[in-house]
Amino acid sequence: MDFNVKKFASGAGLFFTRAFQFTEEKLGQAEKTELDAHFENLMSRADCTKHWTDKIYRQTEVLLQPNPIDHTGARIEEFLYEKLDRKAPSRVTNAELLGQYMQDAAKEFGPGTPYGSALMKVGECERRLGTAEREFLQTSAISFLTPLRNFLEGDWRTISKERRLLENLRLDLDACKTRLKKAKVAEAKASLWSEEVEKAEHELRVAQTEFDRQAEVTRLLLEGISSTHVNHLRCLHEFVEAQAAYYKQCHLHMQELQKELGSSDEDVFPNAFALNSTHSVAAAGSEAEGLSSPVETDTLKIEEVQAPATGTRKAKVLYDYDAADSSELSLLADELITVYTMPGMDSDWLIGERGNQKGKVPVTYLELLS
């Protein structure tokens, strides 16, 4: 019990000595041991590394998990599984969930219908995109986030601890210098203080030795920041490679989806593809004979367009549409018009007729009827 009391008293006395020295320095009433310029540069570089590593780490987390609520829940789940020494299960991505909803909707609407068939294909593509995203998240977490977190939670905490210890020893050293200075002033006035001077000199030598030893330890840790930069550079390259592979895979999935949807459009707009294929053959023959195509693809003259003998369909207008120019036809919601396509037209447009009026109309504003 007496030992604990003495230890507490000693610790309290040391704390007040350091606090007093720190206060005197702030007030300009005590000298402060300055570190060399190289050491100061090492500490400044370390602080800069910690600051930007922390920012990059947090923003990368936001990039990989945009929803703050999901992000917080994921961190809590990871923490719990880590404490239980178990691997956290893979989380379903938003794209995978969307794909599942689309496929469930397709089953309700009927996978044999045009809309249901498209939903089924898009849903499958979204699930593939979600799988690619999950693999990208896992790779990025291992190759990029984990090394950054290890530095912030491991190396940087060690550096901070040693720097705090160095600062405390520096305060002790300067307090010893102050005591020795006061002892020498008192010795000049009375020879009785010679013993106090010897004691102060001994304490100063001990404090200087401890400070120098701690300064060397801290210096080595700070110089290790260069190795940290090299490691983080390698991790950054791996993160870029993972991103490139992920976006390339997504691009391929979307291209495949476009081809699948393009082939299914032939069932929805049979006349369009029939006319386009016929036009392609005719255009090829005309070019072989040195003749120009009868219908230019760049500029479609509406007044010269004639409705085909077959392939016209009725369509219900879903929304009002104001024509942008004379080649387009204005629409009113719920009206019925006749639509068909022409060779060389963009797949997003059809030719619409209402009585004597005709013009291009956007497909997205129409519901095609049988």
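These numbers come from a predicted model, not from an experiment.

This part covers the overall build of the protein chain. Along the backbone of the protein chain there are 8 helices and 5 strands. Listed N to C, the secondary structure of the protein chain is α-α-α-α-α-α-α-α-β-β-β-β-β in terms of helices and strands. The 370 residues of the protein chain split such that 31% are buried. Intrachain contacts of the protein chain at a sequence separation of at least 6 include 67% that bridge at least 24 residues.

Their axes nearest at 9 Å, the elements helix α2 (residues 37-64) and helix α6 (residues 194-223) cross at an angle of 50°. Considered as vectors, α2 and α6 are oriented oblique to each other. For the pair α2 and α6, the sense of crossing is left-handed. Judged by residue contacts, His-38, Phe-39, Leu-42, Met-43 and Ala-46 of α2 engage Ala-215, Thr-218, Arg-219, Leu-222 and Glu-223 from α6. Partitioned by chemical class, the residues of the contact of α2 with α6 number 6 nonpolar, 2 polar and 2 charged.

For the structure shown, the criterion picks out 13 salt bridges. Within the structure, one salt-bridge network assembled from shared partners comprises Asp-36, Glu-216 and Arg-219.

Moving on: the nonpolar core. Counting residues in hydrophobic clusters, the biggest one holds 38 residues, and the most contacted among them are Phe-136 and Leu-222. Those elements that place two or more of their residues in this core are α2, α5 (114-189), α6 and α7 (225-268). Considering every element that reaches this core, the biggest residue donor is α5, with 18 residues. In this structure, Phe-136 is in contact with Leu-64, Phe-239, Ala-242, Gln-243 and Tyr-246, ignoring residues within four places of it in sequence. In terms of nonpolar packing, the next biggest core, distinct from the first, is built from 11 residues, Val-339, Leu-350, Val-361 and Leu-366 among them.

Turning our attention to the side chain of Thr-338. With respect to the element layout, Thr-338 can be found in strand β2 (residues 336-340). A distance of 3.1 Å separates a polar atom in the side chain of Thr-338 from a polar atom in the side chain of Lys-314. If we skip the residues at most four places from it in the chain, Thr-338 touches Thr-312, Arg-313, Lys-314, Ile-351, Gly-352 and Glu-353.

Rules behind the numbers
- Residues numbered from 1 in each chain as written.
- Predicted model: local features only at pLDDT ≥ 70, side-chain atom pairs only at ≥ 80, totals over all residues.
- Heavy atoms only, no water.
- Helix = DSSP H or I, 4+ residues; strand = E, 2+ residues; numbered from the N terminus.
- Buried < 20%, exposed > 50% of the residue type's maximum accessible area, 1.4 Å probe, protein only.
- Contact = heavy atoms within 4.5 Å.
- Axes fitted to C-alpha atoms, helices over the stretch in contact; angles between N-to-C directions.
- Parallel < 35°, antiparallel > 145°, perpendicular 65-115°, else oblique.
- Left-handed = near helix turned anticlockwise from the far one by under 90°.
- Nonpolar A, V, L, I, M, F, W, Y, C, P; charged D, E, K, R; others polar.
- Salt bridge = Lys/Arg side-chain N within 4 Å of Asp/Glu carboxyl O.
- Core = buried A, V, L, I, M, F, W, Y, C linked by side-chain atoms within 4.5 Å.
- Polar contact = N/O pair within 3.5 Å; in protein donor to acceptor, adjacent residues only side chain to side chain.

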